[in-house]
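Take a look at the letters that make up each chain.
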Amino acid sequence: MDIQPPLLRITSNRQIVVISAIITSISVAAPVVSIAIALAFMPGLPSQAYWGVLALATIIPLVIAPPIAAGALSILKLLTITIDHLDNCVRYDPLTTVLSRVYLLGQVRQQLAGGGAFLMIDADHFKSINDTYGHDVGDEALKCLAQVLKTALPTDALVGRLGGEEFGVFLPRVADYDAGSVADGLCEAMRHSGRVIAGHRIDLTISIGVAGHRSERTLEQTMKLADKALYYAKRTGRDRYHIHDENDLVRSSEIIPRAAVHQAREAAVFFADASRRQFRKVI
């Protein structure tokens with residue numbers, strides 16, 4: 001978003017001093033040289049008058065140019081700082097420092113032609129964190145989530161905050177199955193990093209909806225599919241991801257917590273043993 005020409009970007013006092021000196025030198029040299037050439041065609045002019053005219057041609061711009069140049073350049077410096085600040089407000093979310101929604105979607109649209117996958121990510125039970133520990137801890141939880149996304153994702157991934165506790169990620173040139181592996185890693189990283197936040201045992205987890213982008217879809221349609229997959233992940237237990245398939249049915253790809261797997265195995269063994277005992281009694 002380069003709305004200011006590079007030559008007009010003034011970011012330091014050193015630039016102001018150097019450029020003011022250059023402007024002053026030109027302001028002095030231009031009239032002195034011009035007048036000296038003109039006086040050269042006046043051979044009868046007394047030397048005292050000659051040097052007096054050149055002195056005036058030197059002193060006047062030497063007095064006027066520096067403050068005017070320094071003032072104008074100071075205004076340009078202030079303008080540069082203001083533009084940079086506004087640019088950062090547009091590009092980045094001020095709390096989490098990931099991309100803002102507007103800038104994220106703009107960057108994603110530029111890469112849609114190459115394909116990819118969109119991940120819709122939501123913090124689980126975030127309202128209860130705010131209600132129990134306060135909004136300051138909730139803010140720390142969002143920062144923790146954003147940090148996990150920035151460190152656990154590939155370097156070419158686009159990460160942004162869509163609003164509230166919801167984040168969006170675009171993985172360029174990644175198929176939805178591969179995006180599922182990335183989502184798996186994010187959930188695992190969040191479980192590890194979200195255990196303790198701001199001195200409180202939070203055990204923050206995330207749910208993720210994944211949708212691969214297709215050329216016949218718009219970005220909004222792909223995001224809607226990812227949002228539908230996210231809703232399914234929330235509805236089926238949270239702390240997992242789901243991938244949306246091509247015929248608008250959600251394909252189950254959730255991460256089943258290890259404790260749940262262990263309990264399921266124990267239950268299966270228990271019922272198998274019970275069935276065998278019951279069968280022996282019948283015999």
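Predicted model, so just to flag it, every value in this text is computed and none were measured.

About the criteria used
Residues numbered from 1 in each chain as written. Predicted model: local features only at pLDDT ≥ 70, side-chain atom pairs only at ≥ 80, totals over all residues. Heavy atoms only, no water. Helix = DSSP H or I, 4+ residues; strand = E, 2+ residues; numbered from the N terminus. Buried < 20%, exposed > 50% of the residue type's maximum accessible area, 1.4 Å probe, protein only. Contact = heavy atoms within 4.5 Å. pLDDT = per-residue confidence, 0-100. Salt bridge = Lys/Arg side-chain N within 4 Å of Asp/Glu carboxyl O. Phe/Tyr/Trp six-rings, centres within 6.5 Å; stacked < 30°, edge-to-face > 60°. Axes fitted to C-alpha atoms, helices over the stretch in contact; angles between N-to-C directions. Parallel < 35°, antiparallel > 145°, perpendicular 65-115°, else oblique. Nonpolar A, V, L, I, M, F, W, Y, C, P; charged D, E, K, R; others polar. Patch = residues over 30% accessible without salt bridge, like charges linked within 9 Å, V, L, I, M, F, W, Y side chains within 5 Å. Areas by Shrake-Rupley, 256 points an atom, 1.4 Å probe, with all protein chains shown as cover. Pairing = 2+ DSSP bridges.

**Q** I keep staring at the overall build of the protein and nothing clicks. Help me out?
**A** Scanning the protein for helices and strands turns up eight helices and eight strands. Looking at the protein residue by residue over its 283 residues, the buried ones come to 37%. For the protein, the proportion of contacts with a sequence separation of at least 24, taken over those separated by at least 6, is 67%.

**Q** It is not clear to me how the confidence of the model for the protein should be interpreted in this structure. Could you clarify?
**A** Low pLDDT means the predicted atomic positions in that stretch should not be read closely. Per-residue confidence for the protein averages 86 on the pLDDT scale, and 85% of its residues sit at or above 70. Throughout residues 279–283 the model reports pLDDT below 50, and contacts reaching past four residues in sequence, or to other chains, amount to zero contacts.

**Q** What is the right way to read helix α3 (residues 101–111) from this model?
**A** Spacing of three or four residues puts side chains on the same side of an α-helix, whose turn is 3.6 residues. All of the buried residues along α3 are Y103, L104, L105, Q107 and V108. Elements that come into contact with the buried residues of α3 comprise α2 (47–91), β2 (158–163), β3 (166–172) and α7 (219–235).

**Q** What is the right way to look at the pattern of salt bridges in this model?
**A** Should the charged atoms of two oppositely charged side chains come close, the side chains can pair. Tallied over the full model, the rule gives 13 salt bridges. Close ionic contact of R109 with E220 constitutes a salt bridge, the shortest N to O distance being 2.2 Å. With R109 in helix α3 and E220 in helix α7, the pair connects residues that are 111 residues apart, well separated along the chain. Given a relative accessible area of 43%, R109 falls into the partly exposed group. Since its relative accessible area comes to 42%, E220 is described here as partly exposed. Because the salt bridges share partners, they merge into one network encompassing D122, D124 and K234.

**Q** Before we go on, may I ask you to explain the packing of aromatic side chains in this structure?
**A** Pairs of aromatic rings are described using the distance from one ring centre to the other and the angle between the two planes. Following the criterion strictly, the structure yields one aromatic pair and no others. An angle of 85° between the planes, with centres 5.2 Å apart, marks the rings of Y50 and W51 as edge-to-face.

**Q** Would you mind going over the packing of helix α4 (residues 126–133) against helix α5 (residues 135–152) with me for this structure?
**A** Angle between the axes and distance between the axes are the two parameters that describe a pair of packed helices. As a packed pair, α4 and α5 sit with axes 7 Å apart at the nearest point and diverge in direction by 140°. As far as their axial angle goes, α5 and α4 are oblique. From α4, F126, I129, N130 and Y133 reach across to α5, where they touch H135, D136, V137, G138, A141 and L142. Of the residues assigned to the contact of α4 with α5, the class counts are six nonpolar, three polar and one charged.

**Q** Looking at this model, I keep getting lost on a nonpolar patch on the surface. Mind explaining?
**A** A cluster of nonpolar residues, L56, I59, I60, V63, I64 and I68, forms a patch on the protein surface that exposes about 590 Å² of accessible area. With respect to the helices and strands, the residue I60 is situated in helix α2. Owing to a relative accessible area of 48%, I60 belongs among the partly exposed residues under this scheme.

**Q** What am I meant to see in the pairing of β3 here?
**A** It is a general feature of regular strands that their side chains alternate between the two faces of the sheet. Taken across its seven residues, β3 has six buried, putting it largely inside the fold. One ladder, built from seven bridges, connects strand β1 (residues 116–123) with β3; its direction is antiparallel. Residue pairing for β3: I121 is matched across the bridge by F167. One ladder, built from five bridges, connects β2 with β3; its direction is antiparallel. What sits directly across from G160, in β3, is G168.

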